[in-house]
Amino acid sequence: MKRRSFIKSALVASATGAAVTGGILSSNAVFAASHEMDMTKAKSFDEAMKMMGATDAAESDMIKIKAPEIAENGAVVPVGITSEIEGTTEIIALISNNPSPYAAKYTIGAKAKASVKSRFKMAKTTDVVAVVKANDKFYMAKANIKVTKGGCGG
Amino acid sequence: MAKSTIKLRTKEKGGLIQVKSLITHPMHTGLRRTKKGDKIPAQYITEVMVEANGEPVITANWTGSISKNPFISFSYAGAKGDTVKLSWKDNTGKSDSLEKIVGKKK
């Protein structure tokens, strides 16, 4: 009798546990859409794109990604992103295979050239996706980088 | 004067000011562990703001995916004599800033 009730209560507990985690996750997603910094909670590339509302981003050859094809050290990978699209207001860099793909967002002021360069960390061989926001539309470009030694934890 | 965490270089070329900057910062992702297996708490720069003559030129929102001692480079339309100010903030509330006048030796 004791054993049976134990199993029963354990089952109930795990069920509620699962429900709660599910609830937390979905509320996080909702929260993230409204709050910039929670973009870091996006654990996959698709999720990050969804949070930005950029799922319909068109591929464009006006965006140039300057990065090495093979990076020996994933902890420091120089990546330059240049957008030749007129009216570029935001450049967002996503590293699709990183634990949190959303890497950086640059808000381009009126005077600045839409070209930025920074050094990124990459956990493993990955696509770097540059999403550019211009005139309230999203454009994107991709570059694949082979990483021989990862740079995210470990 | 304590050493600034920011190194800032500016260069004027054909009406464009090229700004290059290095910031000394550990940029911990929160995923790494020490040799003992303790997690190193996340500490990374969340915002870098660059202003020229008080006007925002570029704002970068960064995450843990930016390398340690981050580097940023870009250019904007400006002239010699502009005051370029770069400031950063991290997720633990630390911050620093540095001002420089384009074309002037420090």
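Predicted model only: the values in this text are computed from it and were never measured.

> Where do I start with the overall build of chain B in this structure?
Looking only at helices and strands, chain B features 0 helices and 7 strands. Its helices and strands taken in sequence order, chain B reads β-β-β-β-β-β-β from the N to the C terminus. Dimensions of chain B along its principal axes, counting C-alpha atoms only, are 50 × 30 × 20 Å. Counting over 106 residues, chain B shows a buried share of 32%.

> Help me understand the pairing of strand S4 (residues 55-62) of chain B in this model?
Regular strands place side chains that alternate from one sheet face to the opposite one. Judged from the 5 bridges that link them, strand S6 (residues 102-108) of chain A and S4(B) form a sheet pairing that is antiparallel. Bridge pairing in S4(B) links Ala104(A) to Trp62(B). Here strand S3 (residues 45-52) of chain B runs beside S4(B); their pairing, made up of 6 bridges, is antiparallel. For Val50(B), the partnering residue across the bridge sits in S4(B) and is Ile58(B). What sits between the antiparallel neighbours S3(B) and S4(B) is a turn of 2 residues, in which Asn53(B) has the positive phi angle 50°.

> Quick question: what am I supposed to make of the nonpolar core here?
All names here are of chain A. Counting residues in hydrophobic clusters, the biggest one holds 57 residues, and the most contacted among them are Ile-91, Ala-93, Leu-94 and Ala-130. Counting residues per element, this core draws most heavily on strand S8 (residues 126-134), which supplies 6 residues. Leu-94 has contacts with Phe-45, Ala-48, Pro-101, Tyr-102, Ala-103, Val-129 and Val-131, leaving out every residue within four places of it along the chain.

> Honestly, the sheet that holds strand S5 (residues 71-77) of chain B in this entry has me stumped. Any pointers?
Adjacent strands of a sheet form backbone hydrogen bonds with each other and so pair up, either parallel or antiparallel. The strand order S2(A)-S4(A)-S7(A)-S5(B)-S2(B)-S1(B) describes an open sheet built from 6 strands, whose pairing is antiparallel. Either end of the sheet is taken by a strand with one partner, and the two such strands are strand S2 (63-66) of chain A together with strand S1 (6-13) of chain B. Here the average twist between neighbouring strands, direction ignored, is 15°. The pairing of strand S7 (residues 112-120) of chain A with S5(B) spans 4 bridges and is antiparallel. When the sheet's bridge partners are listed, Lys117(A) is paired in S5(B) with Ser73(B).

> How do you make sense of helix H2 (residues 45-52) of chain A when you look at a structure like this?
Given 3.6 residues per turn, any residue in an α-helix points the same way as the ones three and four places further on. Burial in H2(A) covers these residues: Ala48(A), Met49(A), Met51(A) and Met52(A). Taken down its axis, H2(A) places every buried residue within 160° of arc, on the same side.

Calculation criteria
Residues numbered from 1 in each chain as written. Chains lettered and ligands numbered in written order. Predicted model: local features only at pLDDT ≥ 70, side-chain atom pairs only at ≥ 80, totals over all residues. Helix = DSSP H or I, 4+ residues; strand = E, 2+ residues; numbered from the N terminus. Buried ≥ 20, exposed ≤ 12 C-beta atoms within 10 Å, placed from the backbone. Pairing = 2+ DSSP bridges. Core = buried A, V, L, I, M, F, W, Y, C linked by C-beta atoms within 7 Å. Contact = placed C-beta atoms within 7 Å. Axes fitted to C-alpha atoms, helices over the stretch in contact; angles between N-to-C directions. Arc of directions from axis to C-beta.

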